[in-house]
Amino acid sequence: MEGESERPADGRSGSWIGWELLRVLQDGLVSLELTASRVLAAQVAGLITLWTQLHTFEDGPPAGLAWLALLLFMGGIATLGALLRPRRVTRFWDRALPADLFSAERVMAAGEETATLAHVATAIRGQRDALERALRVSVPLGLSGLAMTALAYAIEKAFYAP
């Protein structure tokens, strides 16, 4: 099959399985990072859109709800943005992978290879769990901000019609 790695013939199937599982973990983390980036971009777009229209809401409940929606968007962005800062993501990958892992001259002993696999897998799972927690907070905040904006607009049109 395309994209599949060849199983080694030297009897090191345990470490081969470990590296394949690590690749699956990494792919899952990268996919989650992309999803989180898209959610963050959508929330920033919502924040900017609301911010540019904030002055158009009538005083009273519509304006109050619009300001509440703005705060909800900011909370969602702050929650997710803290994990997706480029420096933080780069530092994570620098810490997760040993510096000399891809050195051509280096040969790992079996025990060292197992320890490296365990270290990298633990780091990836930790980052994945943190991103999942942030998404579980950020997405409801963004959706609540959207709902507040829609409610503010509906109240304004229903009770403050020209």
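Only a predicted model underlies this, so the values are computations on that prediction, with no experimental measurement involved.

A separate point is the pattern of salt bridges. This structure, assessed with the given rule, holds three salt bridges. Its salt-bridge partner being Arg23, residue Glu20 comes within 3.1 Å of it at the nearest N-O pair. Of this pair, Glu20 and Arg23 both sit in helix α1 (residues 13-53), three residues apart, roughly one helical turn. A relative accessible area of 35% places Arg23 in the partly exposed class.

Before going further, it helps to examine a positive patch on the surface. Judged by side-chain charge, Arg85, Arg87, Arg91 and Arg95 come together as a positively charged surface patch. In this structure, Arg87 sits in helix α3 (residues 86-96). A residue is classified by how much of its surface remains accessible, and Arg87, at 68% relative accessible area, is exposed.

Turning next to the environment of Pro62. Of note, Pro62 is situated in helix α2 (residues 61-84). Judged by relative accessible area, which is 0%, Pro62 ranks as buried. Those residues in contact with Pro62, other than ones at most four positions away along the chain, are Phe57, Ala152, Ile155, Glu156 and Tyr160.

The next thing to look at is the nonpolar core. By size, the foremost hydrophobic cluster in this structure holds 34 residues, and its most contacted members are Leu50, Leu80, Ile124 and Leu131. Listed by contribution, the elements that provide at least two residues to this core are α1, α2, α3 and α4 (110-159). Among all residues touching Leu131, those that are not within four sequence positions of it are Leu29, Leu32, Glu33, Ala36, Leu83 and Leu84.

To continue, consider the confidence of the model for the protein chain. In low-pLDDT segments, the atomic positions of the prediction should not be examined closely. Averaged over all residues, the pLDDT of the protein chain equals 85, while 83% of them reach at least 70. Of all the helices and strands in the protein chain, α3 carries the lowest mean pLDDT, 77, while α2 carries the highest, 95.

So, on to the packing of aromatic side chains. Under the criterion given, the structure shown has one aromatic pair. Aromatic pair Trp51 and Trp67: ring centres 6.2 Å apart, planes at 85 degrees, arrangement edge-to-face. Placement of Trp51 in helix α1 and of Trp67 in helix α2 is noted, with a sequence separation of 16 residues between them. Trp67 sits in the partly exposed class, given a relative accessible area of 44%.

Calculation notes
Sequence order as written defines the numbering, with residues in each chain counted from 1. Given that the model is predicted, a residue must reach a pLDDT of at least 70 before its local features are reported, and side-chain atom pairs must reach 80 or more before they are shown or counted; all residues, however, enter totals for whole chains, interfaces and linings. Values reported for side chains reflect all heavy atoms of the structure, with hydrogen atoms and water molecules removed beforehand. What counts as a salt bridge is simple: a side-chain nitrogen of Lys or Arg found within 4 Å of a carboxyl oxygen of Asp or Glu. Put simply, DSSP H or I for four residues or longer makes a helix, DSSP E for two residues or longer makes a strand, and each gets a number counted from the N terminus. A simple rule labels every residue: compare its accessible area, found with a 1.4 Å probe on the protein chains alone, to the largest value its type can have, and call it buried under 20%, exposed over 50%, or partly exposed in between. Nonpolar side chains (Val, Leu, Ile, Met, Phe, Trp, Tyr) within 5 Å and like charges within 9 Å form the patches, drawn only from residues with over 30% relative accessible area and no salt bridge. Method for areas: the Shrake-Rupley scheme with a 1.4 Å probe, in which residue coverage is limited to the protein chains shown. Charged residues are defined narrowly, with Lys and Arg counted positive, Asp and Glu counted negative, and His plus the chain ends left uncounted. Where a charge sits is defined by one atom per residue type, namely NZ (Lys), CZ (Arg), CG (Asp) or CD (Glu). Two residues form a contact once any of their heavy atoms are found within 4.5 Å. Among buried residues, those of type Ala, Val, Leu, Ile, Met, Phe, Trp, Tyr and Cys that are joined through side-chain atoms within 4.5 Å constitute a nonpolar core. The quantity known as pLDDT measures the predictor's confidence residue by residue, on a range of 0 to 100. Stacked, edge-to-face and tilted labels apply to pairs of Phe, Tyr and Trp rings (six-membered ring for Trp) whose centres lie within 6.5 Å, assigned for plane angles under 30 degrees, over 60, and everything in between, in that order.

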